[in-house]
Amino acid sequence: MMASAPRAPEREVGMAEFHMLVAGYLRDDDDRVGSSVSAVLDGSATIVVDPGLVRHARAILDPLGGLGRSPEDVTDVILSHHHPDHTLKAGLFPNARVHDHWAWYRDDLWTSRAAEGFEVSPDVTLSETPGHTPQDITTIVRTADGIVACTHLWWSSSGPPQDPYATDAATLHANRERVLAIPDLVLIVPGHGEPFEPDGSTPR
C-alpha cells in the first residue's frame, strides 16, 4: 500500500519565505552540472537546501547576501541526497546543522533521527522520498502562497519520465505521486532545473 502524502505542519498561515539562489542545470555540450540551490527564511532559521556544484561559491553567497544573510547566519543545511553535485559547498556554512536522511550533524555532533516528519523549523519539514537514491529526502516548505517541495524526484520540469540513475524506479514513481498529492502544493524545485508549477503534464 502506498504511503500517504507527506504533510506540512498544521498552522493557519505559513510564514516561511522561499528564495531560489541558483537554478540548477545539466549541459550536453560540456561537462558542467549545477544543482538547484534554495534558501528558506523562517523566523530565526536561515536554511540552505542542496549547496552543491555551482560555478563558484559566490553564486550561492551573493544572492544569499542579497537576502541580508551571511554564511555564518545559516542555521541549517539540508542535503536531498549524498551525491557530490548536491553536497560540495555545504562547508560554506560553519554554524549550520547539516541534515540528511538519518541524522543531523554539527562539528563533531551526530544526532540520529528519522527524516520523515522532522521539523527543521516551524514551517519546514523533511520527508523520506527514496528512488533517485535510497537516501533521498524532500524538503517541504510552508509559505503564505502554498507548499514548496525541494526534491530530486524530478531533475527538471520534464522529469525525465524515467530517471536513468534511479536505484528503485517503482519507489521513485510512487514518491512522485505522494509529493504531487500534498495539499496546496504550488511549486516543485527539481534537482537540476528551474522551479515549476506541477500540472497534468508533470511526469509521475
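Remember, predicted model here, so these are calculated numbers, not experimental data.

Enquirer: Kindly report on the nonpolar core, identifying the contributing residues and their values.
Expert: Ranked by size, the top nonpolar core spans 18 residues in total, and within it Val77 and Phe93 carry the most contacts. Going through the elements one at a time, strand S1 (17–22), strand S4 (37–42), helix H1 (58–66) and strand S8 (103–106) are the ones with two or more residues in this core. Not counting the four nearest positions on each side in its chain, Val77 is found in contact with Val48, Pro51, Ala90, Phe93, Ala96, Arg97, Val98 and His99.

Enquirer: Go over the pairing of strand S9 (residues 109–112), please, and point to the residues and values.
Expert: As defined by bridge partners, S8 adjoins S9 across four bridges and the pair is classed as antiparallel. The partner of Arg106 across the bridge, within S9, is Leu109. In this antiparallel pair of consecutive strands, S8 and S9, the connection spans two residues, and Asp107 shows a positive phi of 55 degrees.

Enquirer: Tell me about unusual backbone geometry, and name the residues and values.
Expert: Looking along the chain, the bond that leaves Gly159 and enters Pro160 is cis, with omega of -5 degrees. Backbone geometry places Asp107, a non-glycine residue, at a positive phi of 55 degrees. Relative to the helices and strands, Asp107 resides in the loop between S8 and S9. Since its relative accessible area comes to 73%, Asp107 is described here as exposed. Unlike most non-glycine residues, Asp184 shows phi in positive territory, near 65 degrees. Note on placement: Asp184 falls in the loop between helix H2 (169–180) and strand S14 (185–189). We classify Asp184 as exposed; its relative accessible area is 61%.

Enquirer: Explain the packing of aromatic side chains to me, using residue names and the numbers behind them.
Expert: All chains considered together, the criterion is met by four aromatic pairs. Ring plane angle 85 degrees and centroid distance 5.0 Å describe the contact between Tyr105 and Trp110, whose orientation is recorded as edge-to-face. Trp110 sits in the exposed class, given a relative accessible area of 52%. When the ring of Trp154 is compared with that of Phe196, the centres are 6.4 Å apart and the planes differ by 80 degrees; the resulting orientation is edge-to-face. With a gap of 42 residues between them, Trp154 in the loop between strand S13 (146–150) and H2 and Phe196 in the segment after S14 connect regions that are remote in the sequence. Ring-pair connections join several aromatic residues into one group, and the members of that group are Trp102, Tyr105 and Trp110. Taking the ring centre of Tyr25 as reference, the NZ or CZ of Arg27 above it sits at 4.4 Å. Stacked on the ring of Trp104, the Lys or Arg Arg97 has its end atom at 5.1 Å from the ring centre.

Enquirer: Go over the confidence of the model for the protein, please, and point to the residues and values.
Expert: On average, residues of the protein score 94 in pLDDT, and 93% of them are at 70 or above. Taken together, the stretch residues 8–12 has pLDDT below 50 and engages in 13 contacts with residues farther than four places along the chain or on a different chain.

Enquirer: Run through the sheet that holds S14, naming residues and quoting values.
Expert: Across the sheet, five strands lie side by side as S10-S11-S12-S13-S14; this open sheet has mixed pairing. Taken across any chain shown, the strands that pair with only one partner, and hence form the sheet edges, are strand S10 (119–121) and S14. Adjacent strand axes in the sheet meet at a mean angle of 25 degrees, parallel and antiparallel pairs treated alike. Relative to strand S12 (residues 137–143), strand S11 (residues 124–128) is paired through five bridges, and the arrangement is antiparallel. Opposite Ser127, over in S12, you have Thr138 as the bridge partner.

Cut-offs applied
- Note on numbering: residues in each chain are counted from 1, in written sequence order.
- With pLDDT at 70 or above as the cut-off, local features in this predicted model cover only qualifying residues; side-chain atom pairs require 80 or more to be listed or tallied, and sums for whole chains, interfaces and linings still use all residues.
- To obtain the side-chain values, all non-hydrogen atoms of the structure were included, while hydrogens and water were left out.
- Buried Ala, Val, Leu, Ile, Met, Phe, Trp, Tyr and Cys residues that are joined via side-chain atoms within 4.5 Å together make up what is termed a nonpolar core.
- Burial classification: accessible surface area is computed with a 1.4 Å probe over protein chains only, and a residue below 20% of its type maximum counts as buried, one above 50% as exposed, and the rest as partly exposed.
- The numbering of helices and of strands both runs from the N terminus, where a helix is a DSSP run of H or I of at least 4 residues and a strand a run of E of at least 2.
- Throughout, a residue-residue contact means that at least one pair of heavy atoms, one from each residue, lies within 4.5 Å.
- When DSSP locates at least two bridges between a pair of strands, those strands are taken to pair.
- Between 30 and 60 degrees the pair is tilted, below 30 it is stacked and above 60 it is edge-to-face, where a pair is any two Phe, Tyr or Trp rings, Trp via its six-membered ring, whose centres lie within 6.5 Å.
- Criterion for a charge above a ring: Arg CZ or Lys NZ at most 6 Å from the ring centre, at most 35 degrees from the ring normal.
- Each residue gets a pLDDT score, which is the predictor's confidence in that residue and runs from 0 to 100.
- Interaxial angles span 0 to 180 degrees and are taken between N-to-C directions of axes, which are lines fitted to C-alpha atoms, for helices over the stretch in contact.

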